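Observations on the three-dimensional arrangement
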Amino acid sequence: MKKYDVIIVGAGASGVFMSYELTKRENKAKVLMIDKGASLEQRICPIKLGKVSNCIKCSPCHIMNGYGGAGTLSDGKYNITNQFGGDLHRYVGAEEALNLMEYVDEVLCNMGGADAKLYSTGSTDLKTTALRNNLHLLDAKVRHLGTDRNVRILGKIFDYTKERIDTMFHTTISKVEKFDEGFSVTTDKGEEFQCNELVLATGRSGSKWISDVCNKMDIELESNRVDIGVRVELPAEVFKHITDEVYESKIVYKTEKYNDMVRTFCMNPYGEVVSENTNGIVTVNGHSYSDPALRTENTNFALLVSNKFTEPFKNSNEYGESIAKLSNMLGGGVLLQRFGDLVKGRRSSARRMEKCFTNPTLKATPGDLSLVIPKRQLDAIIEMIYALDKIAPGTANEDTLLYGVEVKFYNSKVQVDENLETKIKGLYALGDGSGVTHSLSQASASGVWVARKLIEKYQ
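What follows concerns the overall build of the protein. Helices and strands together make up the secondary structure of the protein, namely twelve helices and 22 strands. For 459 residues, the compact-globule estimate of 2.2 N^0.38 gives 23 Å, and the protein sits close to it at 22 Å. Taken along its principal axes, the extent of the C-alpha atoms in the protein is 65 × 45 × 45 Å. When contacts within the protein are restricted to residue pairs at least 6 apart in sequence, those whose partners lie at least 24 apart make up 77%. Total accessible area on the protein stands at roughly 18,500 Å², and carbon and sulfur atoms take up 48% of it. With 58 positive and 59 negative side-chain charges, the protein shows a separation of 3 Å between the mean positions of the two kinds.

If you want it as structure tokens, here you go:
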């Protein structure tokens with residue numbers, strides 16, 4: 001049995017930046033990082049290789065798992081803000097949270113991201129224009145690395161840490177036990193390791209695993225929300241006046257019909273729509289590249305309706321999964337519908353798609369999203385599209401494409417203190433897996449925060 005001072009479960013954004021900080025700053029901690037996915041160079045989706053045209057549900061999914069986590073192949077967009085992307089500021093303080101995110105940005109720039117433009121909503125008239133149309137633009141600074149540059153940067157971070165941090169890929173933890181002197185973890189390969197500090201940093205794809213660990217150790221979990229919606233794709237010219245100025249516009253709208261909150265999410269100018277596999281369920285996402293040669297003629301973004309349930313219902317993620325399963329059942333994966341067909345109450349067919357002026361960047365099954373997405377959420381999405389059309393005319397065009405479904409699963413929030421430590425001394429929960437963060441910047445910052453706390457112990 002091998003003994004470590006610190007074991008990090010998960011090599012996503014929080015785990016990567018924790019390993020970076022433990023390497024950069026002087027300390028004596030012996031560290032192991034374990035991930036169920038592949039190393040960076042092996043994270044290649046079969047669709048990208050041209051071997052298949054639709055998701056074949058690889059286990060684990062290379063888009064969602066492996067070094068760098070789900071953020072590796074999803075656009076490399078880092079939002080520096082406390083207004084969205086998680087609640088890290090509620091634990092470490094608003095100023096410290098921003099300082100940590102600025103530090104993450106500095107590391108990314110030093111590792112090859114300095115050429116990526118830093119956008120800001122602070123000096124734009126877009127907020128005023130949005131307010132005049134009952135839309136609300138959230139404040140943020142945004143560094144867009146692009147998927148291609150993001151992968152190169154993560155490669156440099158791994159090379160920087162690999163001599164200092166032991167790393168195991170294609171490995172899952174089947175058992176976690178607490179002892180007086182620390183923790184014991186057993187892998188699916190039968191290997192057992194012991195440690196003084198155990199860090200749970202599995203990201204969203206590890207939500208069920210973290211819940212199982214917390215339930216076993218009687219750590220309180222707070223039920224979180226699930227966001228359900230579609231991925232919108234339209235000609236890049238429609239949003240060019242917005243994306244050229246702020247790149248990522250987080251716009252929130254309160255519907256007139258239900259008073260539900262709808263928001264834009266993950267805007268990808270000149271990008272492409274992609275599918276991803278979360279726990280065996282195929283959903284949709286998007287990303288874009290920094291290399292102009294890899295750009296498309298379209299922009300895509302998500303429209304998400306927030307759903308937070310009250311007693312007695314607690315299984316928000318299962319609710320989202322059931323809707324995604326309906327889409328998989330009807331479309332064999334992702335469904336695609338023209339906005340004009342949706343509002344006219346008819347399905348998009350292969351024949352109608354042949355006449356569509358917007359060329360889809362993801363091969364998906366033409367169909368009817370009204371058979372999948374509940375009426376309340378669908379009404380909210382339609383209302384939001386008409387609202388966005390006022391500040392970006394053309395959004396509500398008939399040939400605007402809607403891919404379904406896009407679901408953002410939020411882990412149940414783990415009860416942690418200001419150090420992101422649970423009531424079990426030495427057991428930490430951070431990143432998106434903890435439910436504390438929901439973004440690359442905040443997840444990365446949480447890894448830096450916990451690393452600095454542990455460094456004080458292992459001087």
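So, next bit.
It is the contact of helix H3 (residues 94-113) with helix H12 (residues 440-457), at a shortest axis distance of 8 Å, that shows an interaxial angle of 100°. Here H3 is positioned roughly perpendicular relative to H12, judged by the angle of their axes. Along the contact surface, H3 presents Glu 96, Leu 100, Met 101, Tyr 103 and Val 104, while H12 presents Ser 441, Gln 442, Ser 444, Ala 445, Val 448, Trp 449 and Arg 452. Split into classes, the residues belonging to the contact of H3 with H12 amount to seven nonpolar, three polar and two charged.

The next point concerns the sheet that holds strand E6 (residues 141-144). One open sheet holds the three strands; their spatial order is E3-E6-E4, and the pairing between them is antiparallel. Only two strands of the sheet have a single partner each, and these edge strands are strand E3 (77-80) and strand E4 (118-120). Neighbour-to-neighbour, the strand axes of the sheet open up by a mean angle of 25°, direction not taken into account. In this sheet, E6 lies alongside E4 in antiparallel orientation, the contact comprising three bridges. Residue pairing in the sheet places Tyr 119 in a bridge with Val 142 of E6.

Our focus in this paragraph is helix H11 (residues 375-391). Look at H11: 25 Å from first C-alpha to last across 17 residues, which is about the 24 Å you get at 1.5 Å a residue. A large share of H11 lies buried, amounting to twelve of its 17 residues. Of the residues making up H11, those classed as buried are Gln 377, Leu 378, Asp 379, Ala 380, Ile 381, Ile 382, Glu 383, Met 384, Ile 385, Ala 387, Leu 388 and Ile 391.

Attention now moves to the nonpolar core. Judged by nonpolar contacts, the single largest core of 73 residues is most densely connected at Val 6, Ile 7, Met 18, Tyr 67, Leu 198 and Val 199. At nine residues, the largest contribution of residues to this core is made by H12. Counting residues in each nonpolar core, the second largest holds 44 residues, with Leu 135, Val 226, Ile 382 and Met 384 among its members.

Take the pattern of salt bridges next. For the coordinates displayed, the defined rule picks out 25 salt bridges. Residue Arg 90 is joined to Asp 87 by a salt bridge in which the shortest nitrogen-to-oxygen separation is 3.5 Å. For Asp 87, a relative accessible area of 16% gives the class buried. A salt bridge links Asp 399 to Arg 338, with the nearest nitrogen and oxygen atoms 2.8 Å apart. Of this pair, Asp 399 sits in the loop between H11 and strand E20 (401-409) while Arg 338 sits in strand E18 (residues 335-338), and the two are 61 residues apart along the sequence. In this structure Arg 338 comes out as buried when scored by relative accessible area, which is 7%.

A few words on the sheet that holds strand E17 (residues 298-307). Whenever strands of a sheet pair, they do so through backbone hydrogen bonds, lying parallel or antiparallel. The strand order E5-E13-E14-E17-E12-E20-E18-E19 describes an open sheet built from eight strands, whose pairing is mixed. Bordering the open sheet on either side are strand E5 (136-137) and strand E19 (365-366), each of which pairs with just one other strand. Pairing between strand E13 (residues 251-254) and strand E14 (residues 261-268): three bridges, direction antiparallel. The partner of Tyr 253 across the bridge, within E14, is Val 262. Sitting on the sheet, helix H7 (residues 236-246) touches strand E12 (226-235), E14 and E17, and the angle it makes with E12 is about 110°. In the packing of H11 onto the sheet, contacts are made with E12, E13, E14, E17 and E20, and the angle to E17 comes to roughly 135°.

Calculation criteria
Residues numbered from 1 in each chain as written. Predicted model: local features only at pLDDT ≥ 70, side-chain atom pairs only at ≥ 80, totals over all residues. Heavy atoms only, no water. Helix = DSSP H or I, 4+ residues; strand = E, 2+ residues; numbered from the N terminus. Rg over C-alpha atoms; globule rule 2.2 N^0.38 Å. Contact = heavy atoms within 4.5 Å. Areas by Shrake-Rupley, 256 points an atom, 1.4 Å probe, with all protein chains shown as cover. Lys, Arg positive; Asp, Glu negative; His and termini not counted. Charge placed at Lys NZ, Arg CZ, Asp CG, Glu CD. Axes fitted to C-alpha atoms, helices over the stretch in contact; angles between N-to-C directions. Parallel < 35°, antiparallel > 145°, perpendicular 65-115°, else oblique. Nonpolar A, V, L, I, M, F, W, Y, C, P; charged D, E, K, R; others polar. Pairing = 2+ DSSP bridges. Expected span 1.5 Å × (residues − 1). Buried < 20%, exposed > 50% of the residue type's maximum accessible area, 1.4 Å probe, protein only. Core = buried A, V, L, I, M, F, W, Y, C linked by side-chain atoms within 4.5 Å. Salt bridge = Lys/Arg side-chain N within 4 Å of Asp/Glu carboxyl O.

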